[in-house]
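Observations on the model geometry
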Amino acid sequence: MPGFLRDSLTIAAKDLRSELRTKEALNASVSFSLVILLLFSFAFDPSAEQTREISGGLLWLVFAFAGALILNRSFARELPNDCLDALIASPISGAALFAGKAAANFLLLLAVEAVSLPVFGVFYNIRWWGQFWQLAGVLALGTWAMTVIGTMFSALTVNLRLRELMLPTLVYPVMIPALMSAIQLTTHLVGGEPLGGDVLVWLRLLVAFNVIFTALALSLVETVLVG
Amino acid sequence: MSAIVAQGVSKYYGDYPALRDVSFSVAPGACLAMLGRNGAGKTTLLKILAGLSSPAKGTVTIYGKPPRDGEARRAIGVLGHGIAVYDELSAFENLRLFGELYGLADPRKAAAEWLERTGLERAADGLVREFSRGMRQRLAVARAFLHSPRVLLLDEPFTALDDRAIAVLQTLLRQALADGRTIVMSTHQLREALDLATEVGLINRGRLAFRGERTQAMLDDPGWIYRHYGEA
Amino acid sequence: MRERFIILFTGFAAVLLVRNLYVMLVKLPDEAAQGAIFRIIFFHVPAAWTSFLCFFAAFVCSILYLAKRNLRYDAVALATTEVGLAFAAGNLITGMIWGRIIWGIWWTWDPRLTSMLICWLLYAGYLMLRRAVEEPSQRARISAVLSIFAFVDVPIVFFSIKWWRTQHPQPVVWGGGTMDPSYWNMLFLNWVPLILLAVVLILIRLRQEEAQREIDAVRRWAHAL
């Protein structure tokens, strides 16, 4: 479907261009991730061995909390000037609009992670790059899961008052299975071992989560956007 | 074929009917001014025509196609309450974006052309957030006209426009009518609207209370239609 | 008609409950390892089943709403979700009481209890979302989509929590053995009055919701005039 792809790319490029021009969400998200990383040091004694054992959980909490700042903005950025109506009235499908926005969010989240992961390594003396490429793959899969849920719920709540107050409570419970998988896999990989054996069940779960919810979001987003 | 056909369109907010059994058609090249009080259902009707909202009952077709059909959406240009352009993008980038979304053969050329027609060519690379109100409004007009829509849906187009933007819009609308394009506008501003309109409709509490040609009597006394067909 | 159903079902549920309680408390012997408290399971487990039935009904009604755009389905989805949440809360609370007696702690991260908590949060979010939307049709549309997302998520949550917890040591509930058949019978027998109770609650809630909708519409009319 070249039309779908072209429309998605147009939307993604538009979102990235306007975000990179102001860097509002990006700056907020990166700074917030650094603050959380700092706060963790007070929550427990950051000795390397202990931290490694819970590294997956720490990292994904940072990603999920800091990422919310980017995801919340995704559809909200269409509200000033009523741009959302113009996009919905234009000939692109709701699914293409969603896919484009999700792609932009995905890249922005990866950018935040690319900053906070090395900082995490430095702060807590963790050599996390032992399985670099597998870790990158897991980050991509986990981030896509957050992106799909976050972007969909951003669309769902775009016209509501109290949007910001509501989103975290709605989004995180839905994400739990994906976050759990990503945490398990990341802890394993940061420990330096390649994926295999029992751990693969989490990889399958994460992939299944992504497939199911991507399909669900793409098929329902039109219903959400057109009243 | 009629440019716009609405048949038995109803829309509910909960159990409250915002539109009740509204039927009308608009011939190609006509300009229909939809009058009515605030909350009468004008905006709801325009949203349904534009495919932003779906009717609970009844059907709408734009040149024979349902409004959510891709072909119908390419045929429609919408000018709503908001200016629907992005503050962080330049005027040119905004128009190019919508040119791409509407699948124009050459979005850059169309963008440049419409910047010129709305007198914004010198501000092409300026960010919209730095624009004055009048410039933003003209850009909004350019965005709505960019893909040469055969059907223009305008929601209160003259409200809040400054004089120059009104002049630009009126020129463009006259030209659009001369080109055989169809216009539906909802409006309070009777004088500006009646001046352009070839036909008039009045919505009263969700019902189409009057539909007919614009007459000289209306021009002479813009309050006439409300007194005759609107409820006191 | 509906009145009669409500009264009939309530009476039937009450009779069954009294009968079941009599058998539970008088006829059935204490469980060997747990003593008297094990009887809580006759409410704990059927409450969970009932809540899942409710959530499933809400899922079906949400799909039906999106397909037919009839607000009646939305009202049923809301009523079943609320009642489902009440039964899920019943499941959580009885589980906690049981844990307090047997293990001496109010909360263990037992896989089923954890999953139920997540499930409860998902649907509590549904109710929260509804409160934030004024316009009934928009509310119905948005919350139907959320309900579908939540229901699809529930089995994934249950599997993932199960795998998560099996990698950690966890307390054994039934001594690793199987339950006595007379206990199983009682489990199912006691499910019947709980389902009847759920139906009654849903019917009552539905009546309120319909009245609410009428009031909303009348209020909008009043504003329009």
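The rules behind the values
Residues numbered from 1 in each chain as written. Chains lettered and ligands numbered in written order. Predicted model: local features only at pLDDT ≥ 70, side-chain atom pairs only at ≥ 80, totals over all residues. Heavy atoms only, no water. Helix = DSSP H or I, 4+ residues; strand = E, 2+ residues; numbered from the N terminus. Buried < 20%, exposed > 50% of the residue type's maximum accessible area, 1.4 Å probe, protein only. Contact = heavy atoms within 4.5 Å. Areas by Shrake-Rupley, 256 points an atom, 1.4 Å probe, with all protein chains shown as cover. Lys, Arg positive; Asp, Glu negative; His and termini not counted. Charge placed at Lys NZ, Arg CZ, Asp CG, Glu CD. 1 Å grid on protein atoms, 1.4 Å probe; cavity = no way out; pocket = protein on both sides within 12 Å on 5 of 7 lines; lining within 4 Å. Points joined across faces, edges and corners; volume = space filled by probe spheres on them. Nonpolar A, V, L, I, M, F, W, Y, C, P; charged D, E, K, R; others polar. Pairing = 2+ DSSP bridges. Axes fitted to C-alpha atoms, helices over the stretch in contact; angles between N-to-C directions. Expected span 1.5 Å × (residues − 1). Arc of directions from axis to C-beta. Buried area = accessible area lost by both parts, 1.4 Å probe. Salt bridge = Lys/Arg side-chain N within 4 Å of Asp/Glu carboxyl O. Polar contact = N/O pair within 3.5 Å; in protein donor to acceptor, adjacent residues only side chain to side chain. Core = buried A, V, L, I, M, F, W, Y, C linked by side-chain atoms within 4.5 Å. Patch = residues over 30% accessible without salt bridge, like charges linked within 9 Å, V, L, I, M, F, W, Y side chains within 5 Å.

Next up on the list: the overall build of chain C. A tally of regular secondary structure across chain C gives six helices and zero strands. Going from N to C terminus, chain C has its helices and strands arranged as α-α-α-α-α-α. Across its three principal axes, chain C shows a C-alpha extent of roughly 70 × 45 × 25 Å. Expressed as a percentage of the 225 residues in chain C, the buried residues total 48%. Look at the contacts in chain C between residues 6 or more apart in sequence, and 80% of them connect residues 24 or more apart. Summing over all exposed atoms, chain C offers an accessible surface of approximately 11300 Å²; the carbon and sulfur share of this is 69%. With 21 positive and 14 negative side-chain charges, chain C shows a separation of 2 Å between the mean positions of the two kinds.

Where empty space is left becomes clear once a probe the size of a water molecule has been rolled over the atoms. For the structure shown, the criterion picks out three cavities of 30 Å³ or more. Of the pockets and cavities examined, the second largest cavity occupies roughly 50 Å³. In terms of lining residues, the second largest cavity is bounded by Leu 87, Ile 88, Ile 92, Ser 93, Gly 94, Leu 97, Glu 222, Leu 225 and Val 226 of chain A together with Arg 68 and Arg 73 of chain B. Within the residue set of the lining of the second largest cavity, elements represented by two or more residues are helix H5 (83–89), helix H6 (94–123) and helix H9 (200–225) of chain A. Considered class by class, the residues forming the lining of the second largest cavity number six nonpolar, two polar and three charged.

Attention shifts here to the sheet that holds strand E4 (residues 57–62) of chain B. Residue and element names in this part refer to chain B. Pairing is antiparallel across the open sheet formed by three strands, whose spatial order is E2-E1-E4. Taken across any chain shown, the strands that pair with only one partner, and hence form the sheet edges, are strand E2 (16–26) and E4. Across this sheet, the average inter-strand angle for adjacent strands is 20°, counted without regard to direction. Where strand E1 (residues 4–13) meets E4, five bridges bridge the pair, whose relative direction is antiparallel.

Residues and elements named next belong to chain A. Here helix H2 (residues 24–43) spans 29 Å end to end across 20 residues, near enough to the 28 Å set by a 1.5 Å rise per residue. Within the span of H2, buried status applies to Ala 25, Leu 26, Ser 29, Val 30, Ser 33, Ile 36, Leu 37 and Phe 40. Here the buried residues of H2 occupy an arc of 130° about the axis, which is enough to place them on one side. Looking at the buried positions of H2, the neighbouring elements they touch are helix H1 (2–22), helix H4 (55–76) and H6.

Across the contact, eleven residues belong to chain C and eight residues belong to chain B. In total, about 870 Å² of surface goes out of reach between chain C and chain B, with carbon and sulfur atoms giving 62% of it. Remark: the boundary between chain C and chain B carries one salt bridge. Close ionic contact of Arg 213 of chain C with Asp 15 of chain B constitutes a salt bridge, the shortest N to O distance being 2.9 Å. On inspection of chain C and its partner chain B, the count reaches four residue pairs in polar contact (both at pLDDT 80 or more). Looking at the side of chain C that touches chain B, the elements that each hand over two or more residues are helix H5 (136–166) and helix H6 (181–224) of chain C.

So, about helix H5 (residues 133–145) of chain B. With 13 residues, H5 of chain B should cover 18 Å at 1.5 Å per step; its first-to-last C-alpha distance of 19 Å lies within 8% of that length. Buried residues dominate H5 of chain B, accounting for eleven of its 13 residues. Turning to H5 of chain B, its buried residues are Gly 134, Arg 136, Gln 137, Arg 138, Leu 139, Ala 140, Val 141, Ala 142, Arg 143, Ala 144 and Phe 145 of chain B. Contact partners of the buried residues in H5 of chain B: H5 of chain A together with strand E5 (76–79), helix H3 (91–101), helix H4 (107–117), strand E6 (151–155) and helix H6 (163–178) of chain B.

Below, the discussion takes up the interface of chain C and chain A. One widely used convention gives an interface's size as the accessible area the parts lose upon coming together. Each side of the interface is counted separately: chain C has 29 residues, and chain A has 32 residues. Arg 161 of chain A is the partner of Glu 134 of chain C in a salt bridge, and the nearest nitrogen-oxygen pair spans 3.2 Å. Viewed at the interface, chain A and chain C are joined by four residue pairs in polar contact (both at pLDDT 80 or more). Secondary structure elements with two or more residues in the side of chain C that touches chain A: helix H4 (111–132) and H5 of chain C. Ranked by residues supplied to the side of chain C that touches chain A, first place goes to H5 of chain C with 15 residues.

Bringing the pattern of salt bridges into the picture now. Residue and element names in this part refer to chain C. Here the structure, examined in full by the defined rule, presents 29 salt bridges over all chains. With a closest N to O distance of 2.1 Å, Arg 207 and Glu 3 form a salt bridge. On the criterion of sequence distance, the pair formed by Arg 207 in helix H6 and Glu 3 in helix H1 (residues 2–27) is long-range, its members being 204 residues apart. When its relative accessible area of 42% is taken as the criterion, Glu 3 is described as partly exposed. Residue Arg 72 pairs with Glu 210 through a salt bridge whose shortest N-O separation is 3.6 Å. Of this pair, Arg 72 sits in helix H3 (residues 71–102) while Glu 210 sits in helix H6, and the two are 138 residues apart along the sequence. Here Arg 72 falls in the partly exposed class, since its relative accessible area comes to 48%.

Here is a general trend for soluble globular proteins: nonpolar side chains tend to be buried in one another's company. With 201 residues, the main nonpolar core has Met 152 and Phe 153 of chain A, Phe 145, Leu 173 and Met 185 of chain B together with Phe 149 of chain C as its most contacted residues. Ranked by residues supplied to this core, first place goes to helix H8 (residues 163–190) of chain A with 15 residues. The residues touching Met 185 of chain B, leaving out its near neighbours within four places in the chain, are Cys 31, Leu 32, Ala 33, Met 34, Leu 154, Pro 157, Phe 158, Leu 173, Ala 193 and Leu 196 of chain B. Ile 41, Phe 42, Met 179 and Tyr 183 of chain C belong to the second largest nonpolar core, which has eleven residues in total.

Let's shift gears to a nonpolar patch on the surface. Residues and elements named next belong to chain A. On the surface, Phe 32, Val 35, Leu 38, Leu 39, Phe 42, Leu 61, Phe 65, Leu 69, Val 122 and Phe 123 cluster together to form a nonpolar patch covering roughly 940 Å² of accessible area. Looking at the nonpolar patch, the elements that each hand over two or more residues are H2, H4 and H6. Per-element accounting of the nonpolar patch gives the leading share, five residues, to H2. Locating Leu 69 in the fold gives a position in helix H4.

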